[in-house]
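# Architecture and fold: a report
Spelled out from the first residue to the last, the chains are:
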Amino acid sequence: MNGMAEEDAGAEAANSDAAAARSPWHKGAALLHGTPLLARASLSSPFAGSGPLGSRASVKSPFAAATPKVAKLAASSSSRAGPSGRAAHYTGRMTIYVLVVALVSATGGMLFGFDIGIVGGVEAMASFQAEFFPEIYPRSIAGQKDSDPYCKYHDTRLQLFSAIMFLSGAVIAVPAGYAARSFGRKASMLGSGCFFLLGAGLQAGAHSLTQLIIGRCVLGFGVGTAACVVPVYISEVAPYASRGGLAYLFQVATTTGILAAQLVNYGNQYIPVWGWRLSLGLAAMPACVLCLGGLVLPESPSYLLEQGRWAEGKAVLQMLRGTDEVDAEYADICDAARASARVSALDSWRNLVARHNLPMTIMSTSLAALQQLTGINAIIFYAPIMFDSFTVSSAALLNAVIIGGVNVVGTFVGLALVDKWGRRPLLLEGGIQMLLSQVATGIILGSAHGTATSLDTGTAAAALVCICIFVAGFSWSWGPIVWVLGAEVQTLDTRTSGMSAVVFANYLLSFVIGQAFLSMLCSMRYYAFIFFAGWNLFMTVFVFALLPETKAMPLEDTAYACLFARHPVWKRVMGKAGKQVLEREAFRAAAWRQAQGTEGGDLRDLAKYYEALGL
Ligand code: BGC
């Protein structure tokens, strides 16, 4: 398929533009992005002078006088399928092929999960401690009586081993976004798989803490690259109505990876001396699947069209949708691709903070950062060593498996609900559930550890239940939705840079929490859980006040911008740019309805405008 692309690119591009000129659908859409059609006609778009998308003014728009009508149209044009309702004309539905493509690419998420889930259990293994952390080892085998459970594992280098992967993941996020944009989603997935293979090898063969940490950094490069590219890739191959569900796959894969790691640790704890090497090295298996995926999966249609590989892009889209009738969606992707192709990588970053994008950027990055302040990775990284510290039983790794199991099941619950209930209700419910369970965990630990040095079985079970309720709340809400939103709210020109910003924010905070939590636990004791509860309260209010519902929107569209442009707070931030977004959308909607023959009236002006353009 690759081969045919470049040869016919030129011809196809010409055809595509010609087709665009013939199709009223394309005309309306072309107006939005100020495509070459308009540039060649050397006339301005009706949106000329209206900001980043339409600044080639030279002839006054015939619509200037129609603005009040347009404003009315804009105000009334919201629908479930987006402001213009065009997504209702997307014919392709969910196919087995899309599902397989998404599943294979989601192994990137599985590796992410595996590398998060594996550390806590490995750190709790005596053979690992004896080899790399000889200061902790005596404390760990001394039993509960001799050590303060809150400080038993407090060690900066141990925390560094857990957390450093996220720092290198954050560092790679910007180049990874650039690579996904320039070299394609497939090549980036392949690169990510190679980093995972190398990192797993370095860790499994480590003979010094330095090698272990270098291996963890290399894994971080793989994790960061996968997190930038896989959710974007999945949302680009997914049909719009199932996009939330498919993008959830990344999280399903992540939680499955965490559980797999916890099971692996549970089994390997019985292998003396080299059990930890097996745990760390097993990441190589899904890494091979990701590398294979990078070689055989189809490239994303959005990327292909952005590169001007029109025929190939359309063929892939038809294959993914299981039908040849993909015109409406193809037209939207073409428009977005043309607009995006005119934007340099640097401009893609600049556009992230331009007024018309700012609310989406602020929301997606702050939700990503706040996700870590739920305290999830304090639990996922450190549950095994916390249970090892607080209980006398040897069930620490089993408890981790239970927590991991709840995480997977909860993610499936979210999968069933995300496109039905939407993102907002799940985030709000999840936030409240996490808040209450963190408070309960703090109270249980506080009351038990006022006097005793280890929890009795009943209290340990109660703490485990609270932690499971917390993880369940996270798993159907903040866990997946942050990644779903990150991949969907940006337009094609800012999508990879937007995702890089999301990954950067999330990983930086993961690093901070991973590096700080054991110190926090040692100094703040059970108040550490109350600290996270406070953040959960803040996050819930934040979502309530600022996040509009984004479910079931067409991806290559300005539907998201329109949502934010109507939001009482964000419309102030967007200012004039927000009004222009709504006006443009109204014109597109009008062009489409006219093309459908369902509306006349104002739109005769639009026809005149096309006449003036000679289309
Ligand atoms: C988060 C990870 C977390 C995982 C737990 C992901 O969404 O980004 O940091 O460990 O969920 O399931």
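Residues numbered from 1 in each chain as written. Predicted model: local features only at pLDDT ≥ 70, side-chain atom pairs only at ≥ 80, totals over all residues. Heavy atoms only, no water.

## Thoughts on the overall build of the protein
Within the protein, the regular secondary structure consists of 29 helices and zero strands. In the protein, which comprises 615 residues, the proportion classed as buried is 61%. For the protein, restricting intrachain contacts to residue pairs at least 6 apart in sequence, the fraction spanning at least 24 positions comes to 80%. Entry remark: accessible area of the protein is about 21,100 Å², with carbon and sulfur atoms responsible for 68%. (Helix = DSSP H or I, 4+ residues; strand = E, 2+ residues; numbered from the N terminus. Buried < 20%, exposed > 50% of the residue type's maximum accessible area, 1.4 Å probe, protein only. Contact = heavy atoms within 4.5 Å. Areas by Shrake-Rupley, 256 points an atom, 1.4 Å probe, with all protein chains shown as cover.)

## Comments concerning the packing of helix H9 (residues 156–183) against helix H25 (residues 492–524)
Contact geometry for H9 and H25: axes closest at 8 Å, N-to-C directions at 175°. Here H9 lies roughly antiparallel to H25, going by the angle between them. Taken together, the residues of the contact of H9 with H25 break down into 19 nonpolar, 10 polar and two charged. (Axes fitted to C-alpha atoms, helices over the stretch in contact; angles between N-to-C directions. Parallel < 35°, antiparallel > 145°, perpendicular 65-115°, else oblique. Nonpolar A, V, L, I, M, F, W, Y, C, P; charged D, E, K, R; others polar.)

## Digging into the confidence of the model for the protein
The pLDDT averaged across the protein works out to 79; a share of 76% of its residues lies at or above 70. For residues 600–606, every residue scores under 50 in pLDDT, and the model assigns this stretch nine contacts once sequence neighbours within four places are set aside. Long-range and interchain partners of residues 608–615, a stretch whose pLDDT sits below 50, account for 19 contacts in this model, where long-range means more than four residues apart. (pLDDT = per-residue confidence, 0-100.)

## Overview of the state of the cysteines
Taken as a whole, this structure holds one disulfide when the rule is applied. Cysteine 151 shares a disulfide with cysteine 522; S-S distance 2.1 Å. Torsion about the S-S bond of the cysteine 151 and cysteine 522 cystine: about 100°, corresponding to right-handed handedness. Placement of cysteine 151 in the loop between helix H8 (136–141) and H9 and of cysteine 522 in helix H25 is noted, with a sequence separation of 371 residues between them. A residue is classified by how much of its surface remains accessible, and cysteine 522, at 18% relative accessible area, is buried. Of all cysteine sulfurs, the one in cysteine 291 lies closest to cysteine 288, which takes part in no disulfide; the gap is 6.4 Å. (Disulfide = S-S within 2.5 Å.)

## Quick word on the nonpolar core
The biggest cluster of nonpolar side chains holds 138 residues, and the ones touching the most others in it are Phe128, Leu212, Ile379, Ile403, Trp478, Tyr507 and Phe517. Considering every element that reaches this core, the biggest residue donor is helix H11 (residues 209–237), with 14 residues. Setting aside its immediate chain neighbours within four residues, tyrosine 507 contacts Phe112, Phe166, Gly169, Ala170, Val223, Gly224, Ala227 and Trp483. Membership of the second largest hydrophobic core comes to 10 residues, among which are Leu305, Ile333, Ala337 and Leu492. (Core = buried A, V, L, I, M, F, W, Y, C linked by side-chain atoms within 4.5 Å.)

## Quick word on unusual backbone geometry
Notably, valine 273 is not glycine yet its phi reads approximately 65°, a positive angle. By relative accessible area, which is 59% here, valine 273 ends up exposed.

## Things to note about the pattern of salt bridges
Counting across every chain of the model gives nine salt bridges. The residue glutamate 131 makes a salt bridge to arginine 277 at a minimum N-O spacing of 3.6 Å. Pair noted here: glutamate 131 is in helix H7 (residues 126–132) and arginine 277 is in helix H13 (residues 275–281), with a separation of 146 residues, a long-range link. Relative accessible area serves as the criterion here: at 36%, glutamate 131 is assigned to the partly exposed category. Residue arginine 277 is classed as buried on the basis of its relative accessible area of 18%. The shortest N-O distance in the salt bridge between arginine 157 and glutamate 135 comes to 2.9 Å. Placement of the pair is arginine 157 in helix H9 and glutamate 135 in the loop between H7 and H8, with a sequence separation of 22 residues. Residue arginine 157 is classed as partly exposed on the basis of its relative accessible area of 33%. Each member of the salt-bridge network shares a partner with another, and the members are Arg185, Glu236 and Arg495. (Salt bridge = Lys/Arg side-chain N within 4 Å of Asp/Glu carboxyl O.)

## Some remarks on the site of the ligand
What surrounds the ligand is a group of 13 residues, the closest being Gln251, Gln371, Gln372, Asn377 and Asn407. A distance of 2.9 Å is found between an oxygen atom of the ligand and a side-chain nitrogen or oxygen belonging to glutamine 372. Classifying every residue of the shell around the ligand gives five nonpolar, eight polar and no charged. (Near = heavy atom within 4 Å. Polar contact = N/O pair within 3.5 Å; in protein donor to acceptor, adjacent residues only side chain to side chain.)

## A closer look at the environment of valine 122
Looking at where valine 122 falls in the secondary structure, it is placed in helix H6 (residues 107–123). Spatially, the C-alpha atoms of valine 122 and isoleucine 385 are 9.6 Å apart, while their sequence positions differ by 263 residues.

## Focus on a nonpolar patch on the surface
A cluster of nonpolar side chains, namely Met94, Leu99 and Leu103, defines an oily patch on the protein surface of about 250 Å² accessible area. With respect to the helices and strands, methionine 94 occurs in the loop between helix H4 (67–76) and helix H5 (96–105). Exposure remark for methionine 94: the relative accessible area of 37% places this residue in the partly exposed category. (Patch = residues over 30% accessible without salt bridge, like charges linked within 9 Å, V, L, I, M, F, W, Y side chains within 5 Å.)

## Concerning the environment of valine 264
With respect to the secondary-structure elements, valine 264 resides in helix H12 (residues 243–268). For valine 264, a relative accessible area of 18% puts it in the buried group. Taking C-alpha positions, valine 264 is 6.2 Å from serine 279, a pair spaced 15 residues apart along the chain. The residues contacting valine 264, other than those within four sequence positions of it, are Phe114, Ile118, Ser279 and Leu282.

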